[in-house]
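# Survey of secondary and tertiary structure
Chain by chain, the residues run as shown.
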Amino acid sequence: MVLSDHTIKEQMLAGRIRIEPCDPEDIQPSSVDLHLGDSFQVFRNSRYPYIDPSREQAGLMEPVGASVEEPFVLHPGEFVLGTTIERIVLPEDIVARLEGKSSLGRLGLLIHSTAGYVDPGWDGHLTLELSNVANLPIVLMPGMAIGQISFSQMTTPVDRPYGTPGLGSKYQGQESATPSRMFESFRK
């Protein structure tokens, strides 16, 4: 079942769901608004002729910072990684779902391609997969509401939460926009 605002607040008060920082005004009827951080990862198109997920490609992406004074401009057809200001910590019996804000979606901004699922046991900032499908550039201002996270109660706690050794969790504890670590899956 999807948690209501009442239950989200109870779970946060009990320390089971942690969202740091969290303004009570960001708690919606069945989700919590999340905000855009100031770090991005952009592709360096001149570094490699193609992307090979099976191997580490150092320098494929490079970090770029933004500020309110100098926001990030996402051009049509462009894809970059961003991050949330908020750190999310989940217990072993709650799963979360990240979604975009409908007002931004109506402008052509997508905040995730496939990584909208947040496993039980997760601890860290969320990396956003930002795409502009509009035909005009979109200004991304650090601190702006960028998405929302909802929570679902699982039938039982999981046996192996995200981050369990041997599970292959690649992003536990991330603090900024983190490039793909898919190559680690090919090393087994």
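Anything mentioned here points back to the structure above.
Everything in this summary refers to the structure shown in the same document. (Residues numbered from 1 in each chain as written. Predicted model: local features only at pLDDT ≥ 70, side-chain atom pairs only at ≥ 80, totals over all residues. Heavy atoms only, no water.)

## What to know about the overall build of the protein
Where we set the bar: Strands here mean DSSP runs of E at least two residues long; helices mean DSSP runs of H or I at least four residues long; both are numbered from the N terminus. The size measure is the radius of gyration over C-alpha atoms, and the globule rule it meets is 2.2 Å times the number of residues to the 0.38 power. For the exposure calls, accessible area comes from a 1.4 Å probe over protein chains only, and a residue counts as buried if that area is under 20% of its type's maximum, exposed if over 50%, partly exposed in between.
Scanning the protein from terminus to terminus reveals two helices and 12 strands. Put simply, the protein runs from its N terminus to its C terminus through helices and strands in the order α-β-β-β-β-β-β-β-α-β-β-β-β-β. Radius of gyration (C-alpha) of the protein: 17 Å, near the 16 Å computed for a compact globule of 188 residues. In terms of its C-alpha atoms, the protein occupies a principal-axis envelope of roughly 50 × 40 × 25 Å. For the protein, buried positions account for 40% of its 188 residues.

## Thoughts on the pattern of salt bridges
Applicable threshold: By convention in these notes, a salt bridge is any Lys or Arg side-chain nitrogen within 4 Å of a carboxyl oxygen on Asp or Glu.
One pass over the full model with this rule turns up seven salt bridges. A salt bridge links D93 to R16, with the nearest nitrogen and oxygen atoms 2.6 Å apart. Within this pair, whereas D93 is found in the loop between β6 (79–89) and β7 (94–100), its partner R16 is found in the loop between α1 (5–13) and β1 (18–20), the two being separated by 77 residues in sequence. On the basis of relative accessible area, D93 is assigned to the buried category, the value being 14%. The class of R16 is partly exposed, set by a relative accessible area of 30%. Residue E20 pairs with R18 through a salt bridge whose shortest N-O separation is 2.9 Å. You can call E20 partly exposed: its relative accessible area is 32%. Judged by relative accessible area, which is 30%, R18 ranks as partly exposed. Counted as one network, the salt bridges with shared partners bring together R18, E20, R87 and D123.

## Considerations on the environment of T83
Short version of the rule: Contacts described as polar in this section are N or O atom pairs within 3.5 Å, which, within protein, must combine one atom able to donate a hydrogen with one able to accept it, while residues neighboring in sequence count only if both atoms come from side chains.
Inspection of the secondary structure puts T83 in strand β6. Residues T83 and A177, spaced 94 residues apart in sequence, show a C-alpha to C-alpha distance of 4.9 Å. Within the structure, the side chain of T83 is placed 3.3 Å from the backbone oxygen of L126, a separation counted as a polar contact.

## Comments concerning the sheet that holds strand β2 (residues 32–35)
Spelled out, the test is: We call two strands paired when DSSP finds no fewer than two bridges between them.
Here four strands make up an open sheet; going across it, the order is β2-β12-β7-β9 and the pairing antiparallel. On the outer flanks of this sheet lie β2 and β9 (117–118), each paired with one strand and no other. In this sheet, strand β12 (residues 145–153) lies alongside β2 in antiparallel orientation, the contact comprising four bridges. Note on β12: the bridge partner recorded for D33 is Q148.

## A few points about the packing of aromatic side chains
The cut-off we apply is this: Side-chain rings of Phe, Tyr and Trp (the six-membered ring for Trp) are treated as a pair once their centres are within 6.5 Å; stacked means planes under 30 degrees apart, edge-to-face means over 60, and tilted covers the remaining angles.
Counted by the stated rule, this structure contains three aromatic pairs. Plain terms: the ring middles of F40 and F72 are 4.4 Å apart, the flat faces sit at 15° to each other, and that makes the pair stacked. With F40 in strand β3 (residues 39–43) and F72 in strand β5 (residues 72–74), this residue pair connects regions lying 32 residues apart in the sequence. Of the residues examined, F72 reaches a relative accessible area of 9% and is grouped as buried. Ring plane angle 55° and centroid distance 5.3 Å describe the contact between W122 and Y162, whose orientation is recorded as tilted. Here Y162 lies in the segment after β12 and W122 lies in the loop between β9 and β10 (123–132), a separation of 40 residues in the sequence. Classification of W122 as buried rests on a relative accessible area of 7%. By relative accessible area, which is 16% here, Y162 ends up buried.

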